[in-house]
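# Coordinate inspection notes
Listed below are the residues making up each chain.
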Amino acid sequence: MTLDADLYSIQEVRTSLTQAKEAQKKLATYSQEQIDAIIAAMSKAGVEAAERLAAMAVEETGFGNIPDKRMKNLFAAESVYASIKDVKTVGIIRKDEENKVWEVAQPVGVVAGIVPSTNPTSTVIFKSMIAIKARNAIVFSPHPSAAACTLAAARLMAQAAVQAGAPEGLIHCVSKPTLPATNELMKHKLTNVILATGGSPMVKAAYSSGKPAYGVGPGNVPVYIHHSADTAAAAKRIVQSKTFDYGTICASEQALVIEESIKHQMIAALKREGAYFLDDHEKEKVAAIIMVNGSLNAKIVGRSPQTIAQMAGISIPAETRVLIAEETGVGKAYPLSVEKLAPVLAMYTVHDQQEGFARCRELLELGGLGHTAGIHAQDNNVIAAYGQAMPASRIPVNTGTTFGGIGATTGVQPSFTLGCGSFGNNITSDNIGPKHLFNIKRVAFGIREMPESQPIQSQPQTTAAEEAVMQAVSSMNIGLSRDEIKNIIKSVLTEMTS
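Everything numeric in this text was worked out from a predicted model, so none of it was measured.

What counts and what doesn't
- Residues numbered from 1 in each chain as written.
- Predicted model: local features only at pLDDT ≥ 70, side-chain atom pairs only at ≥ 80, totals over all residues.
- Heavy atoms only, no water.
- Helix = DSSP H or I, 4+ residues; strand = E, 2+ residues; numbered from the N terminus.
- Rg over C-alpha atoms; globule rule 2.2 N^0.38 Å.
- Buried < 20%, exposed > 50% of the residue type's maximum accessible area, 1.4 Å probe, protein only.
- Contact = heavy atoms within 4.5 Å.
- Areas by Shrake-Rupley, 256 points an atom, 1.4 Å probe, with all protein chains shown as cover.
- Lys, Arg positive; Asp, Glu negative; His and termini not counted.
- Charge placed at Lys NZ, Arg CZ, Asp CG, Glu CD.
- Core = buried A, V, L, I, M, F, W, Y, C linked by side-chain atoms within 4.5 Å.
- Pairing = 2+ DSSP bridges.
- Polar contact = N/O pair within 3.5 Å; in protein donor to acceptor, adjacent residues only side chain to side chain.
- Axes fitted to C-alpha atoms, helices over the stretch in contact; angles between N-to-C directions.
- Phe/Tyr/Trp six-rings, centres within 6.5 Å; stacked < 30°, edge-to-face > 60°.
- Salt bridge = Lys/Arg side-chain N within 4 Å of Asp/Glu carboxyl O.

### With respect to the overall build of the protein chain
When helices and strands are tallied, the protein chain shows 17 helices and 18 strands. Relative to a compact globule of 498 residues, whose C-alpha radius of gyration would be 23 Å, the protein chain shows 31 Å and is clearly more extended. Across its three principal directions, the C-alpha atoms of the protein chain cover 110 × 60 × 50 Å. Counting every position in the protein chain, which comprises 498 residues, the buried fraction comes to 54%. Within the protein chain, counting contacts between residues at least 6 apart in sequence, those at least 24 apart form 73% of the total. By element, 52% of the accessible surface of the protein chain is carried by carbon and sulfur atoms, the whole surface being about 22700 Å². Across the protein chain, the centroid of the 46 positively charged side chains sits 7 Å from that of the 46 negatively charged ones.

Structure (structure tokens):
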């Protein structure tokens, strides 16, 4: 009997989870040295296959370009590896000698890895390594438009792990993804935690699955350019960041908020870096293709400026790297103000810091709360104020937000899963790494004795006779309080009984 696609994919998920659970039980017994050897082998395999996987991803999805996809794969295989290779994830990972508390790492079990079409192979390399580093198994659910390259990356990681001594069955990937299969993966009793990277509906589904979940929100990233900024450096970094893989990383810049006093300098610097500024007519045509039925048009995602221009019916110079249009409004009625996973930027002009901060906050509230907000400035007081004012979990300073947000050019944890905290209805504001995929047990020694409980001394109660006397004396208005009257009565009674 031939199963239909939904039933086949659901059964594939169940089989994968069962095998993953058994393999994870074995991996949980491995030493730190064994785990680290497996991770090193996975990193090496990812580096060697970086270009091949990049080409597969671009060919299958049509998003981005091969050189930048290759860099993403290398970032996952090299930079993420470098940041986690020496992290303790087995046994006693920390001892607080002063308070006599030992921390013990315990793997969570089986991870459900939801993979986006914009970063399919790099996400698999990244999530595989952080899951195995924490002694977990992982089962991937790819986006249907990136199923083949996601499966290839998962098989690569699985093969490298097994060859380095890992048990068979640790890493799986659904070969024919369907929505019912993804829901089964997220809700199945053998799934212990969900790592969800994808669109808002998928992340919401992960959080409503009943399982612990690390999800991420959208990143409508504003970048404030203060009058103290180095405009030439800022322009270079912004264009490099926004055009990387044609804007498919959610931490990429979406809107430039520029102070009026440096606007002309900034525009000139951006033009030198390959920016093309749309006139009103061109802006209207580009704006018309950004949204479809209230959502981002998937046909512009990860496409070159030339392709987008052709779709919009306008002509741009061949050397154009990014399209920029001046904008004045924020909201769905202004398509350039939304998150655009493509080399297209909105530009806003503000008079001062107060107006600039307000505009950046407005853009975040439209669709990027908790994610990332960039700033270019040389004034540390302004930078500090911006960092405190923005409802964003990452504030890259004087660097491209794409690279700063994922930890490529900043000191934050290198990651492809960027938490948005409570601002974005996420459980954490961290860049996700292995520490989020194991529980910490605490062995706590007694360091002090608990004092013995002392019996409570009962207080003598006021008798009915005493109460009557007190009321009678109080009615005479002789200026004594109830406590003073009570003490006098007790004194008299004591003398009478002695």
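### Observations regarding the nonpolar core
Counting 76 residues, the largest nonpolar core has Met42, Ile171 and Leu437 as its most contacted members. At nine residues, helix α6 (residues 147-163) tops the list of elements feeding residues into this core. Each residue touching Leu437, except ones within four places of it in the same chain, is listed here: Pro107, Val108, Val111, Ile130, Ala131, Ala134, Asn136, Val193, Leu195 and Tyr214. Residues Ala255, Val286, Ile300 and Ala392 belong to the second largest nonpolar core, which totals 37 residues.

### Quick look at the pairing of strand β14 (residues 344-350)
For β14, the buried fraction is high: six of the seven residues fall into the buried class. Across five bridges, the pairing between strand β9 (residues 253-259) and β14 is parallel. In the strand pairing of β14, Val257 is matched with Tyr348. Examined bridge by bridge, strand β13 (residues 322-326) and β14 share four bridges and lie parallel to one another. Within the sheet, the bridge partner assigned to Ala325 lies in β14 and is Ala346.

### Quick look at the side chain of Thr401
For Thr401, the location among the structural elements is in helix α15 (residues 401-406). On the accessibility criterion, Thr401 (1% relative accessible area) is buried. There is a polar contact of 2.7 Å between the side chain of Thr401 and the backbone oxygen of Ala251.

### Notes on the sheet that holds strand β5 (residues 171-173)
Taking strand neighbours across the sheet as the criterion, the five strands line up as β5-β4-β3-β6-β7 in an open arrangement whose pairing is parallel. Only two strands of the sheet have a single neighbouring strand rather than two, namely β5 and β7 (213-215). The sheet shows a mean angle of 15 degrees between the axes of neighbouring strands, direction not considered. Contacting β3 (110-114), β4 (137-141), β5 and β6 (193-196), helix α5 (residues 120-133) runs over the sheet at an angle of about 155 degrees to β4. Set on the sheet, helix α8 (residues 200-207) makes contact with β3, β6 and β7; between it and β7 the angle comes to about 160 degrees.

### Re the packing of aromatic side chains
Taken as a whole, this structure holds seven aromatic pairs when the rule is applied. Between the aromatic rings of Phe75 and Phe416, the centroid separation amounts to 5.4 Å while the plane-to-plane angle is 75 degrees, which identifies the pairing as edge-to-face. One end of the pair, Phe75, is in helix α4 (residues 66-84); the other, Phe416, is in the loop between α15 and β18 (438-444), and 341 residues separate them in sequence. Each of the two residues, Phe75 as well as Phe416, counts as buried. Each ring, one from Phe244 and one from Phe403, has its centre 5.2 Å from the other, and the planes form 75 degrees; the classification is edge-to-face. One end of the pair, Phe244, is in the loop between α9 (231-243) and β9; the other, Phe403, is in helix α15, and 159 residues separate them in sequence. By the burial criterion, Phe244 is buried, and Phe403 matches it.

### Focus on the pattern of salt bridges
One pass over the full model with this rule turns up 13 salt bridges. Measuring nitrogen to oxygen at the nearest pair gives 2.8 Å for the salt bridge that ties Glu184 to Arg14. Taken together, the residues span a long stretch of sequence, with Glu184 in helix α7 (residues 179-187) and Arg14 in helix α1 (residues 5-27) at a distance of 170 residues. For Glu184, a relative accessible area of 18% puts it in the buried group. A salt bridge links Lys72 to Asp245; the nearest nitrogen and oxygen atoms lie 2.7 Å apart. Separated by 173 residues along the polypeptide, Lys72 in helix α4 and Asp245 in the loop between α9 and β9 bring together distant segments of the chain. Judged by its relative accessible area of 0%, Asp245 is buried. Within the structure, one salt-bridge network assembled from shared partners comprises Lys69, Lys72 and Asp245.

### Points about the environment of Ile267
Take Ile267: it is sitting in helix α10 (residues 263-272). Considered as a pair, Ile267 and Thr121 are 146 residues apart in the sequence and their alpha carbons are 36 Å apart.

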